[in-house]
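Residue strings, one per chain:
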Amino acid sequence: MTGGAGFLGRPLVRALAERGKRVLSLDRRVPEADPIPGVTGIEGDVTDSGGIERLLREHAVDEIVHAAAIVGVTASVAGLADTVRVNIDGSVALFEAVTRAGGVRRLVDLSSEEVYGHFAADPVAEDTPALPVSPYGITKYAVERLGGYYADQHELPYVAARLCWVYGPGFPRLRLPQPWLEDALAGRPSRLAAGGDHHIDLTYLDDVVDGILLVLRAGHLEHRAYNVATGSAVGIRDLAAEIARQHPGWSVDLGDGPIEMAPGVAAARKGALDITRARTLGYAPRFTLAEGLARTAAGLDAPARQAV
Ligand SMILES: NC(=O)c1ccc[n+]([C@@H]2O[C@H](COP(=O)([O-])OP(=O)(O)OC[C@H]3O[C@@H](n4cnc5c(N)ncnc54)[C@H](O)[C@@H]3O)[C@@H](O)[C@H]2O)c1
């Protein structure tokens, strides 16, 4: 696993270890607290192709989930060169290492709905032309194309799992629903100048973990990309209404229009991801928005309760 210390990486390595796999978690930071039994944390950089090759050989790695990345439109706008270096150079370094070491039966690359740019359909299916508009989406799509190139030329067992807005306990960025849940739990109202017209496929973390493991474990795969989301989009006003229902007293002052991902950077027009392909692998999202929000809020609440 690359990026195994991250928001998605931690529950993924935990789930893999619980299924009896020996798991190596390569990340540029290794969390000191809360080690996961069966998981070996290795501090390293995904751009270090030689180091990765040595690890692959030494531990006879046979499956990889690739999650190491600079994540999000905001981060890519703020630091494009670093995003290109980690996302594109890092993926190529990994593909090279896997090609040289051999022995890997599948590499699942965590890609993003940002590859679609402005959704040309709702729901958007994997064969919809990808026209990413954000620097982040452009790097994610470049990685998919390079993965396809290595698959064609060097038999890299590459497949992309395209995720949408994943949410859940421990989400590390300032994207909805996280800041509104934090405000609701702190007893503060929220304010968002624009975003009331945005629609997005919000997927609860545990469903995404299930979907990625299905793509990893499936036998023959027909395709090189699988959407892993819920298959339906929620409007930001409906999201606000559900949070208000769960947290009486909370309110939001919400403007119309598209949501901003970074100051002055409007989000692409989005919607739902078509999950027909993933369903053929047995994928079936389990969590409604109400359940996912309640679990996320409970995860946010826990440290505060412990501290009392
Ligand atoms: N969370 C989402 O909503 C979402 C949606 C679509 C796609 N994705 C993709 O899923 C993957 C994981 O995202 P996440 O939400 O867990 O993000 P995250 O930031 O929590 O995790 C990324 C991890 O990569 C590590 N990392 C960064 N640069 C590295 C480097 N040079 N070498 C080694 N490790 C490095 C970070 O330390 C971090 O632990 C990413 O590829 C992201 O693009 C996430």
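Anyway, here's the lowdown on the structure attached to this text.

Each value, and the rule that gives it
- Residues numbered from 1 in each chain as written.
- Predicted model: local features only at pLDDT ≥ 70, side-chain atom pairs only at ≥ 80, totals over all residues.
- Heavy atoms only, no water.
- Helix = DSSP H or I, 4+ residues; strand = E, 2+ residues; numbered from the N terminus.
- Buried < 20%, exposed > 50% of the residue type's maximum accessible area, 1.4 Å probe, protein only.
- Lys, Arg positive; Asp, Glu negative; His and termini not counted.
- Salt bridge = Lys/Arg side-chain N within 4 Å of Asp/Glu carboxyl O.
- Polar contact = N/O pair within 3.5 Å; in protein donor to acceptor, adjacent residues only side chain to side chain.
- Contact = heavy atoms within 4.5 Å.
- Near = heavy atom within 4 Å.
- Areas by Shrake-Rupley, 256 points an atom, 1.4 Å probe, with all protein chains shown as cover.
- Nonpolar A, V, L, I, M, F, W, Y, C, P; charged D, E, K, R; others polar.
- Axes fitted to C-alpha atoms, helices over the stretch in contact; angles between N-to-C directions.
- Parallel < 35°, antiparallel > 145°, perpendicular 65-115°, else oblique.
- Left-handed = near helix turned anticlockwise from the far one by under 90°.

Structurally, arginine 175 can be placed in the loop between β6 (165-167) and α6 (178-186). It turns out arginine 175 is buried and unbridged, and the closest side chain with the opposite charge, glutamate 113, is 5.7 Å from it. Within the structure, arginine 175 has its side chain in polar contact with the backbone oxygen of valine 166 (distance 3.0 Å). Residues contacting arginine 175, with those up to four places away along its chain left out, are Trp165, Val166 and Met261.

Now for the site of the ligand. Around the ligand, the structure places 28 residues, and the nearest of them are Phe7, Asp27, Tyr136, Lys140 and Arg173. One nitrogen or oxygen atom from the main chain of leucine 8 is found 2.8 Å from an oxygen atom belonging to the ligand. In this structure, an oxygen atom belonging to the ligand sits 3.3 Å away from a main-chain N or O atom of leucine 110. Relative to its free-state accessible area of 820 Å², the ligand is covered by the protein chains to the extent of 95%. Elements with a contribution of two residues or more to the shell around the ligand: β4 (106-112), α5 (135-154) and β6. A class-by-class count of the residues in the shell around the ligand yields 16 nonpolar, five polar and seven charged.

The next point concerns the packing of α6 against helix α8 (residues 236-246). Their axes nearest at 11 Å, the elements α6 and α8 cross at an angle of 25°. Judged by the angle between their axes, α6 and α8 are roughly parallel. The hand of the α6/α8 crossing is right-handed. Each of Trp180, Leu181 and Ala184 in α6 lies in contact with α8, whose residues at this interface are Ile236, Leu239, Ala240 and Ile243. Partitioned by chemical class, the residues of the contact of α6 with α8 number seven nonpolar, no polar and no charged.

Spatial relationships are all this shows, so hold off on functional conclusions.
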